[in-house]
Amino acid sequence: MSNTVKIFLVLIGLALVVPFVPGLIYPVFVMKVMCYGLFACAFNLLLGFTGLVSFAHAAFLGSAGYVTGALMIRFGNHPLGMPAAFGAGVAAAALVGFAIGGLAIRRRGIYFAMITLALSQIVYFLAVQIRWTGGEDGLQGIPRGSLFGLDLSSDTVMYYVTLALFAAGFLFVDRVVHSPFGQILQAVRDNEARATSLGYDTDRFKLLAFVISAAIAGYAGAMKALVFQLVSLNDVSLHTSTEVVLMTLLGGVGTIFGPLLGAGLVVGLQNYLATIGDLVTVVIGLIFIVCVSFFRRGIVGEFLHLRRRRAERGKTRPVLTATRAEAPAVEAA
Amino acid sequence: MAEHALVTEGLTKAFGGFTAVRGVDFVVRRHAIHALIGPNGAGKTTFFNLLTKVHTPTGGRILYEGTDITHESSAAIARRGIVRSFQISATFPHMSVRDNVRVALQRRLGTQYWFWRSIRSLSVLDDRAMALLTDVGLADYAETNAADLSYGRKRTLEIATTLALDPPLLLLDEPTQGMALDDVDRIKRLIRRIAVGRTILMVEHNMSVVADLCDTITVLQRGEILAEGSYEAVSADPGVKAAYLGGGHA
Ligand SMILES: Nc1ncnc2c1ncn2[C@@H]1O[C@H](COP(=O)(O)OP(=O)(O)O)[C@@H](O)[C@H]1O
Ligand SMILES: [Mg+2]
């Protein structure tokens, strides 16, 4: 079993018991972390494994949320309403991703980032203008419907469904990273000119990565819309787009679990420091500054780096060769 | 089959007002080892960049095996079988040496867009990758990250990666630049070996390498062809002597 699978199973095991210890940790909080965690994993697929900076990820999260929410409000009673609305949300995010990515992908570096930012502002503008998004009010009281006959209006049922959706989404991201396609993405990230000279149309790989990332962000957005029964302008705002950058960097860009940890930290701080109001932003900002100054690889990234360094120092000692052989796998985790 | 592997007609590249390559008519015979030499700034790398469409020519044509490829994309040209190495070593630094070669092999597999399959499906390429690495003497470093290789080995890896595509036409930009003497000899033997059944066009500054390997030499100066022919003919050319004495050592 790889380290990734072990850690993942431990996390899922812990998450399974959460509803039994409501005094210790709120299931709603864990659901929020799962939504944002998956959102950050989607973002990390681009930044960490493809080398693209996007400021449009809220547009994917939000547009999926709006589509899923609006469809649930109309067709939530239908037995297939929830999976259909969920799928439509993901498809909408992928489509928006294809449009934004298609326009931006030919640009490099900061220009790419700026184009995604400009285009995501258009999505925000549309969310304000279009009638069915509810404008300033957003969509409220979204019914959760049912899945395979399970009534999702129960928080406990919703919790386990969210956990299952999260696990599937997370494993999917891990698979994309560790797939034949993911291998080419890594090559593109490492040295795009070389990848081109080997005959790969790098723009097509980047665009496909962008669309997949957008779809997963949308998947997280659809989950979030159902969990909180609410979609608001905040979900498509630049603020949310920058928050996901922060989560990813804080936890460790290009690591599998970093974005989850980052999301947990940011969501946790926002929850537990809610009493200090807007100061939360300042506190998170300070943590971010400390992070980029002293832990440039993020928390998980620094941890893996330390382990690898220690393993390499032990390289001369034969007893530790097994540990060292595992090092690349640890890095990938 | 066309008579020549590669032909350029009036190939020109202007960067703004500055013309780096000017009206180059150039022919590479099939299965030749052809050297492109000339002082620094002569336009050799630019010429390679034109052939591989890193830059778009501002004039002229490029024919590969008789087909006009002037307007094809970089990746499409590579898929036709023209594969280059870079003057500054080009590896995938955060991937293992074996994975570097495997990325090149993967194109043949046709699974490059399969994001749903496990990476384990690529292990069918491992034997071929290891064979290539053994061939160039890098088998012991298969699991090392490319970033951790010595300079000479990085360049060797680059050649192994290029060979993985089994390209009919190889463009090597200064393959021995900055190498220690042992490494130069190793690369020289390697090039001679891989040249069998292939066409090689190489930019090279080391005259002993050129003299030993290449059957035809083209001298470029200020973007234009100054002389062309065998090593003996070119080194006896008064224009070439003047250029090299005036332009510093090439
Ligand atoms: N992208 C570029 N933009 C502007 N000038 C360039 C560019 N690339 C090369 N040049 C110029 O073209 C000339 C030829 O450069 P190059 O082809 O690298 O020479 P060589 O490889 O023969 O040493 C140089 O004067 C160089 O400054
Ligand atoms: Mg050069």
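In the block above lies the structure referred to throughout.
Residues numbered from 1 in each chain as written. Chains lettered and ligands numbered in written order. Predicted model: local features only at pLDDT ≥ 70, side-chain atom pairs only at ≥ 80, totals over all residues. Heavy atoms only, no water.

Details of the layout of surface pockets
Residues and elements named next belong to chain A.
Part 1: Size it by volume and the second largest pocket reaches roughly 680 Å³.
Part 2: Along its surface, the second largest pocket is lined by 27 residues, and Leu11, Val33, Phe257, Leu260 and Leu261 are the ones closest to its centre.
Part 3: Secondary-structure elements contributing two or more residues to the lining of the second largest pocket are helix H1 (3-17), helix H2 (27-47), helix H6 (155-177), helix H11 (258-272) and helix H13 (298-313).
Part 4: Counting residues per element, the lining of the second largest pocket draws most heavily on H1, at 8 residues.
Part 5: Across the lining of the second largest pocket, the residue classes tally to 24 nonpolar, 2 polar and 1 charged. (1 Å grid on protein atoms, 1.4 Å probe; cavity = no way out; pocket = protein on both sides within 12 Å on 5 of 7 lines; lining within 4 Å. Points joined across faces, edges and corners; volume = space filled by probe spheres on them. Helix = DSSP H or I, 4+ residues; strand = E, 2+ residues; numbered from the N terminus. Nonpolar A, V, L, I, M, F, W, Y, C, P; charged D, E, K, R; others polar.)

Focus: the site of ligand 1
All names here are of chain B.
Part 1: Taken together, Phe15, Phe18, Ala20, Pro39, Asn40, Gly41, Ala42, Gly43, Lys44, Thr45, Thr46 and His55 make up the full set of residues adjacent to ligand 1.
Part 2: Lys44 is positioned with one of its backbone polar atoms (N or O) 2.8 Å from an oxygen atom of ligand 1.
Part 3: At 2.8 Å, a side-chain N or O of Thr45 approaches an oxygen atom of ligand 1.
Part 4: Of all the secondary structure elements, the ones that give two or more residues to the shell around ligand 1 are strand S2 (18-29) and helix H1 (44-51).
Part 5: No other element matches H1, which puts 3 residues into the shell around ligand 1.
Part 6: Within the shell around ligand 1, the residues separate by chemical class into 5 nonpolar, 6 polar and 1 charged. (Near = heavy atom within 4 Å. Polar contact = N/O pair within 3.5 Å; in protein donor to acceptor, adjacent residues only side chain to side chain.)

With respect to the interface of chain B and chain A
Put simply, an interface is often sized by how much accessible area is lost when its parts join up.
Part 1: Listed as interface residues are 36 residues of chain B and, on the opposing side, 27 residues of chain A.
Part 2: Our count for the chain B to chain A interface comes out at 1 salt bridge.
Part 3: As a salt-bridge pair, Arg79(B) and Asp201(A) come within 3.1 Å of each other at their nearest N and O atoms.
Part 4: If you look at where chain B meets chain A, you find 15 residue pairs in polar contact (both at pLDDT 80 or more).
Part 5: In terms of residue count, helix H3 (residues 97-109) of chain B provides more of the side of chain B that touches chain A than any other element does, 6 residues in total.
Part 6: Of the residues assigned to the side of chain B that touches chain A, the class counts are 17 nonpolar, 12 polar and 7 charged. (Contact = heavy atoms within 4.5 Å. Salt bridge = Lys/Arg side-chain N within 4 Å of Asp/Glu carboxyl O.)

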